[in-house]
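Okay, here's what each chain looks like letter by letter:
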Amino acid sequence: MRLTLAEPRYLKESVSIISELVNEAKLRISKDGIELVAMDPANVAMVIFKLLPTAFTEYDVEKPADIAINLANFRQILRRAGPSDMLTIELDSNKLKVQLKSASTRTFSLPLIELEDKEQKVPELSFPVTVEASSAIFNEAINDAEIVSESVSLVAEPGKFSLQAEGDLNTAAIDIKDSADAKITATEKVKAKYSIEYLKKMIEGSRLSDRVVVQFNKDYPLRLTYSTVDKVLMSFILAPRVDTD
Amino acid sequence: MRLTLAEPRYLKESVSIISELVNEAKLRISKDGIELVAMDPANVAMVIFKLLPTAFTEYDVEKPADIAINLANFRQILRRAGPSDMLTIELDSNKLKVQLKSASTRTFSLPLIELEDKEQKVPELSFPVTVEASSAIFNEAINDAEIVSESVSLVAEPGKFSLQAEGDLNTAAIDIKDSADAKITATEKVKAKYSIEYLKKMIEGSRLSDRVVVQFNKDYPLRLTYSTVDKVLMSFILAPRVDTD
Amino acid sequence: MRLTLAEPRYLKESVSIISELVNEAKLRISKDGIELVAMDPANVAMVIFKLLPTAFTEYDVEKPADIAINLANFRQILRRAGPSDMLTIELDSNKLKVQLKSASTRTFSLPLIELEDKEQKVPELSFPVTVEASSAIFNEAINDAEIVSESVSLVAEPGKFSLQAEGDLNTAAIDIKDSADAKITATEKVKAKYSIEYLKKMIEGSRLSDRVVVQFNKDYPLRLTYSTVDKVLMSFILAPRVDTD
């Protein structure tokens with residue numbers, strides 16, 4: 001197995017984002033790309049990640065390999081990659097070898113770890129609401145809500161998408177109209193509440209794409225998807241906060 | 001009442017600066033603009049602020065209103081305004097509504113608070129010394145003095161303005177000559193000492209104007225004034241430190 | 001004695017770098033320039049510094065003077081120098097006077113201190129290995145090693161220079177070939193280990209020069225040298241870490 005990236009950015013940013021949600025995870029490296037499906041330790045959020053073979057300049061995988069690693073550890077190594085470094089990944093017995101090539105050749109190795117073998121299944125979800133928006137606008141909305149509360153309600157109806165937060169003192173309401181910046185598909189009016197702490201970690205996906213697809217339903221999980229054609233796909237699923245009053 | 005700013009900067013920066021000195025304050029909104037006069041909790045410094053109707057693109061005030069708010073709270077909301085956001089303020093029963101408009105419409109509301117009704121009067125002061133200087137040079141002088149001591153003496157005489165600080169170890173003396181950078185008007189030689197901690201907060205007024213007017217007298221309050229024609233005026237009055245030895 | 005620098009940068013950066021290793025030190029100011037030789041408090045590292053008379057626009061020294069000062073203190077004052085300030089140093093009885101001249105004239109004085117009179121001698125060292133490299137590449141290598149361990153082994157042989165670090169989990173190896181970026185002179189294969197904590201402080205010398213000369217030997221001190229012709233020379237000597245297993 002030998003994989004080379006001319007632009008380390010997609011792998012570097014992705015691992016950085018995922019490592020904020022998940023400490024240790026299993027990567028499946030196959031002819032289809034590098035894939036990861038993982039739950040956060042609190043079982044509230046799932047991340048689904050895929051880096052496509054077309055993102056690589058060299059993609060040589062004979063047989064699929066499942067490797068478990070410490071993501072914080074992997075991230076620290078990837079951080080050392082400059083924008084013009086050629087990055088190569090290889091498996092070397094029970095180690096993952098990461099090589100950065102520019103004027104010098106820098107080789108890091110990190111140990112593979114044992115990870116309890118529970119296969120993470122991506123739940124099948126269907127959504128009455130899909131908003132495909134500028135990720136800058138969605139980020140701004142989450143950051144607006146954050147100064148007011150620790151949870152935010154997403155509300156959609158045909159032609160309109162809103163975020164609403166209510167704190168002990170202040171309130172915030174962000175209204176986004178159907179436009180080029182935000183294409184709103186909603187068959188009915190739905191409203192659901194989610195944790196801002198988790199959303200803040202997930203909107204880091206905007207480092208991968210300037211568009212985000214937001215999908216949700218009443219008292220139902222939310223899905224955020226960031227993707228770049230032929231390169232990378234990152235989805236997050238977040239459990240709702242259901243008011244018990 | 002409905003006030004709209006095309007450039008949120010003046011309000012945003014002003015509230016940010018004032019909130020470092022004062023936690024809660026009363027704003028008077030009238031045909032003359034938005035005005036604030038407040039003392040810091042330690043009764044050492046006063047801030048006098050006025051944002052003129054000409055700073056607004058829409059200024060609709062039928063009858064004057066006194067509203068008391070938490071400034072840190074207000075600041076947090078104003079921080080969310082980007083440079084190209086259209087900012088509108090409205091009164092809505094016992095709430096202040098702040099709306100930011102760009103691709104999305106973001107509406108924040110913060111509660112009005114009760115504030116003990118002591119009218120702050122601006123003291124009448126007269127000064128034998130007035131220095132109208134580049135605020136960059138004055139900032140630099142205060143920052144110079146800070147590395148040496150926690151108080152600084154201001155000294156003026158015809159044609160000359162100095163700042164002097166003496167620490168346990170080091171001393172600093174900043175000499176500024178009468179020039180285009182600093183027009184010095186002094187009828188006699190005067191010297192007075194002030195707290196650097198307070199001055200550091202006050203020189204943030206340089207975010208509003210690249211000129212500052214410095215006025216003081218022997219063992220007498222200091223007044224710093226930052227203003228931009230037709231937009232904003234911010235003055236600070238600071239009690240002197242009188243040596244008791 | 002009166003010394004003036006049109007570019008305060010060399011003195012400012014040098015004192016900043018040295019003050020991370022040494023708290024108090026003696027400067028010798030003579031016709032040959034300003035010189036400093038000092039050990040760090042733990043006696044692990046030595047710094048040898050020389051600022052040449054040609055770095056100054058005015059260099060008036062009648063008789064040599066040894067002055068001891070607190071470097072953190074001196075650094076704090078030099079930090080106040082902007083890139084276009086004219087910096088003048090004078091001795092004034094038992095004070096060092098530092099003057100910064102631009103639109104204003106800012107004069108700082110700091111006390112000379114008593115320092116135990118042990119003359120620091122620069123040890124005579126001879127090295128079988130000399131690598132003259134881009135300081136950016138060497139910095140990067142030390143920063144790579146840092147994420148893995150707290151010590152790094154330097155290995156050289158004819159045509160090849162490597163840095164190797166081994167942590168509890170990860171390993172890093174940086175291979176640098178003989179090239180324009182790194183001219184390697186090695187008569188034999190040698191390997192020695194050094195503290196990364198100290199190296200991190202020393203590679204700050206790259207603020208003075210974009211080239212570094214690296215010299216070492218088996219279980220023997222390392223010397224790093226940064227210099228700019230006619231301006232400044234800064235060398236560091238670092239004791240090796242000898243494994244006792």
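Only a predicted model underlies this, so the values are computations on that prediction, with no experimental measurement involved.

*Asks:* Now, about helix 2 (residues 71–78) of chain A: what can you tell me, with residues and values included?
*Replies:* Residues and elements named next belong to chain A. Of all eight residues making up helix 2, six are buried, and the element is well covered by its neighbours. Within the span of helix 2, buried status applies to Leu71, Asn73, Phe74, Arg75, Ile77 and Leu78. Tucked inside the fold, the buried residues of helix 2 contact helix 1 (9–19), strand 2 (24–30), strand 6 (65–70), strand 7 (86–92), strand 8 (95–101) and strand 9 (105–111).

*Asks:* An account of the interface of chain A and chain C is needed here, citing residue identities and associated values.
*Replies:* The interface of chain A with chain C comprises 14 residues on the first partner and 15 residues on the second. Here chain A and chain C share three salt bridges between them. At the boundary of chain A with chain C, the tally comes to seven residue pairs in polar contact (both at pLDDT 80 or more). Put simply, the parts of the chain that give the side of chain A that touches chain C at least two residues each are helix 2 and strand 9 of chain A. Take the side of chain A that touches chain C: its biggest share by element is seven residues, from strand 9 of chain A. The residue inventory of the side of chain A that touches chain C, partitioned by class, reads five nonpolar, six polar and three charged. Bridge count between strand 9 of chain A and strand 13 (residues 171–177) of chain C: five bridges; the pairing is antiparallel. Residue pairing in the sheet places Arg106(A) in a bridge with Ile174(C) of strand 13 of chain C.

*Asks:* Tell me about the pattern of salt bridges, and please be specific about residues and values.
*Replies:* Following the criterion strictly, the structure yields 57 salt bridges over all chains and no others. Measuring nitrogen to oxygen at the nearest pair gives 3.5 Å for the salt bridge that ties Glu140(C) to Arg106(A). Taken together, the residues span two chains, with Glu140(C) in helix 3 (residues 135–146) and Arg106(A) in strand 9. For Glu140(C), a relative accessible area of 25% corresponds to the partly exposed category. Notably, a salt bridge pairs Glu204(C) with Arg207(C), separated by 2.8 Å at the nearest N-O pair. Under the relative-accessibility criterion, Arg207(C) is labelled partly exposed at 29%. If you follow the salt bridges from partner to partner, you end up with Arg80(A), Asp85(A), Arg106(A), Glu140(C) and Asp144(C) in one network.

*Asks:* A description of the packing of aromatic side chains should follow, citing residues and the corresponding values.
*Replies:* This model, assessed by the stated rule, comprises nine aromatic pairs over all chains. In this structure, Arg9(B) is placed above the aromatic ring of Tyr10(B), and the distance from its NZ or CZ to the ring centre is 4.7 Å.

*Asks:* Give me the confidence of the model for chain A: which residues, what numbers.
*Replies:* Scored by pLDDT, chain A comes out at a mean of 95, with 99% of its residues at no less than 70. We note a pTM of 0.93 for the whole complex and an ipTM of 0.92 for its interfaces.

*Asks:* Go over the domain arrangement of chain A with me, naming the residues and quoting the values.
*Replies:* Residues and elements named next belong to chain A. Domain annotation of chain A identifies domain 1 (2–111) and domain 2 (129–238). If you look at the interface, domain 1 gives 23 residues, while domain 2 gives 17 residues. With both chains or domains summed, domain 1 and domain 2 bury close to 1,800 Å², and 61% of this area falls on carbon and sulfur atoms. On the domain 1 side of the contact with domain 2, Tyr10, Ile17 and Ile48 bury the most area, a combined 32% of that side's loss.

*Asks:* Explain the packing of helix 1 (residues 9–18) of chain C against helix 2 (residues 71–78) of chain C residue by residue, including any values.
*Replies:* Packed helix pairs are characterised by how far apart their axes lie and by the angle those axes make with each other. Residue and element names in this part refer to chain C. Running from N to C, helix 1 and helix 2 point in directions that differ by 145°, and their axes come no closer than 9 Å. Taken as a pair, helix 1 and helix 2 cross one another with a handedness that is left-handed. Seen from helix 1, the contacting residues are Leu11, Lys12, Val15, Ser16 and Ile18; seen from helix 2, they are Leu71, Phe74, Arg75 and Leu78. Its residues assigned to classes, the contact of helix 1 with helix 2 shows six nonpolar, one polar and two charged.

*Asks:* A description of the relation of the copies chain A and chain C should follow, citing residues and the corresponding values.
*Replies:* Here two copies of a chain appear, and what relates them is a rotation about an axis with a shift along it. Taken as rigid bodies, chain A and chain C are interconverted by a rotation of 120° and an axial shift of 0.0 Å, the fit giving an RMSD of 0.0 Å. Here the copies are linked by what is in effect a three-fold axis.

*Asks:* For the sheet that holds strand 13 (residues 171–177) of chain A, give the residues involved together with the corresponding values.
*Replies:* Read across the open sheet, the nine strands follow the order 15(A)-11(A)-12(A)-13(A)-9(B)-8(B)-7(B)-1(B)-5(B); overall the sheet is antiparallel. Lying at the two open borders of the sheet, with one neighbouring strand each, are strand 15 (190–195) of chain A together with strand 5 (58–60) of chain B. Averaged over all pairs of adjacent strands, the angle between strand axes in this sheet comes to 15°, irrespective of strand direction. Bridging between strand 11 (residues 151–157) of chain A and strand 12 (residues 160–166) of chain A involves five bridges; their strand directions are antiparallel. Note that in strand 12 of chain A the partner of Leu154(A) across the bridge is Leu163(A).

*Asks:* With reference to specific residues and values, describe unusual backbone geometry.
*Replies:* All names here are of chain A. Even without glycine at this site, Ser93 takes up a positive phi of about 45°. Mapped onto the secondary structure, Ser93 falls in the loop between strand 7 and strand 8. One non-glycine residue, Asp219, lies in the positive phi region at around 45°. Turning to its location among the elements, Asp219 is positioned in the loop between strand 16 (211–216) and strand 17 (222–228). For Asp219, a relative accessible area of 40% gives the class partly exposed.

*Asks:* Tell me what's going on with empty space enclosed by the protein, and back it up with residues and numbers.
*Replies:* Residues and elements named next belong to chain C. Within the structure shown, the criterion is met by four cavities of 30 Å³ or more. Empty space within the largest cavity amounts to approximately 40 Å³. Taken together, Leu11, Leu27, Ile29, Ile34, Ile67, Phe74, Ile89 and Leu96 make up the lining of the largest cavity. Taken together, the residues that form the lining of the largest cavity break down as eight nonpolar, no polar and no charged.

*Asks:* Quick rundown of the sheet that holds strand 2 of chain A? Include the residues and the values.
*Replies:* Each strand in a sheet pairs with another by means of backbone hydrogen bonds, the pair being arranged parallel or else antiparallel. Residues and elements named next belong to chain A. The strand order across the open sheet built from nine strands is 6-2-3-4-18-17-16-10-14, with neighbouring strands paired in antiparallel fashion. Only two strands of the sheet have a single neighbouring strand rather than two, namely strand 6 and strand 14 (182–186). Here the strands of the sheet are splayed against their neighbours by 15° on average, with no regard to which way each runs. Sheet analysis places strand 2 next to strand 3 (residues 33–39), joined by four bridges and oriented antiparallel.

*Asks:* Would you mind going over the side chain of Asp85(C) in detail, with residue names and values included?
*Replies:* Looking at where Asp85(C) falls in the secondary structure, it is placed in the loop between helix 2 and strand 7 (86–92). If we skip the residues at most four places from it in the chain, Asp85(C) touches Leu5(C), Ala6(C), Pro8(C), Arg80(C), Leu100(C), Lys101(C), Ser102(C) and Arg106(C).

*Asks:* Residues and numbers for the pairing of strand 4 (residues 45–51) of chain B, please.
*Replies:* All names here are of chain B. In terms of burial, strand 4 is largely enclosed, as six of its seven residues are buried. Of the pairings in the sheet, the one linking strand 3 (residues 33–39) to strand 4 comprises six bridges and is antiparallel in character. Each bridged residue has a counterpart across the sheet, and for Ile34 the counterpart in strand 4 is Leu51. The antiparallel hairpin formed by strand 3 and strand 4 contains five residues in its connecting segment, where Asn43 sits at a positive phi of about 60°. Bridge count for strand 4 against strand 18 (residues 232–238) is seven bridges, and the pairing is antiparallel. Its bridge partner being in strand 18, Met46 is matched across the sheet by Ile237.

Parameters and conventions
- Sequence order as written defines residue numbering, which begins from 1 separately in each chain.
- Starting at A for chains and at 1 for ligands, labels are handed out in the order in which the entities are written.
- Selection of residues for local features in this predicted model requires a pLDDT of at least 70, selection of side-chain atom pairs for listing and counting requires 80 or more, and totals for whole chains, interfaces and linings are taken over all residues.
- Note: side-chain values were computed over all heavy atoms of the structure, leaving out hydrogens and water.
- A simple rule labels every residue: compare its accessible area, found with a 1.4 Å probe on the protein chains alone, to the largest value its type can have, and call it buried under 20%, exposed over 50%, or partly exposed in between.
- Numbering of helices and strands runs from the N terminus; a helix is a DSSP stretch of H or I covering at least four residues, while a strand is a stretch of E covering at least two.
- It only takes one pair of heavy atoms within 4.5 Å for two residues to be counted as in contact.
- Salt bridges are counted wherever a side-chain nitrogen of Lys or Arg sits within 4 Å of a carboxyl oxygen of Asp or Glu.
- Nitrogen and oxygen atoms within 3.5 Å of one another constitute a polar contact, given that in protein one can donate a hydrogen and the other can accept it, and given that sequence-neighbouring residues count only through two side-chain atoms.
- Classification convention: Asp, Glu, Lys, Arg as charged; Ala, Val, Leu, Ile, Met, Phe, Trp, Tyr, Cys, Pro as nonpolar; all other residues, Gly among them, as polar.
- DSSP calls a pair of strands paired once it identifies at least 2 bridges connecting them.
- Geometry of aromatic contacts follows a simple scheme: Phe, Tyr and Trp rings, the Trp one being its six-membered ring, pair when their centres are within 6.5 Å, and the pair is stacked under 30 degrees between planes, edge-to-face over 60, tilted otherwise.
- In this analysis the charged atom, NZ for Lys or CZ for Arg, is taken to sit over a ring once it is within 6 Å of the ring centre and within 35 degrees of the ring normal.
- Summary of the metric used: pLDDT quantifies the predictor's per-residue confidence within the range 0 to 100.
- These domain limits were set by an automatic method or by a database of domain assignments.
- As a working definition, buried area equals the accessible area (1.4 Å probe) given up by two parts on being put together, with both sides summed.
- A fitted line through C-alpha atoms represents every axis, and for helices the fit uses only the stretch in contact; the resulting angles, taken between N-to-C directions, go from 0 to 180 degrees.
- Two helices that cross are described as forming a left-handed crossing if the nearer one is turned anticlockwise from the farther one by less than a right angle, and a right-handed crossing if clockwise.
- When the copies are superposed, the least-squares fit takes in the C-alpha atoms of residues with a pLDDT of at least 70 in both.
- As defined here, a cavity is a set of points on a 1 Å grid over the protein atoms alone where a 1.4 Å probe fits but cannot get out. A pocket is an open set with protein on both sides within 12 Å along at least five of seven lines, and residues line them when an atom is within 4 Å of a point.
- Grid points are joined across faces, edges and corners, and a volume is the space filled by probe spheres set on the points.

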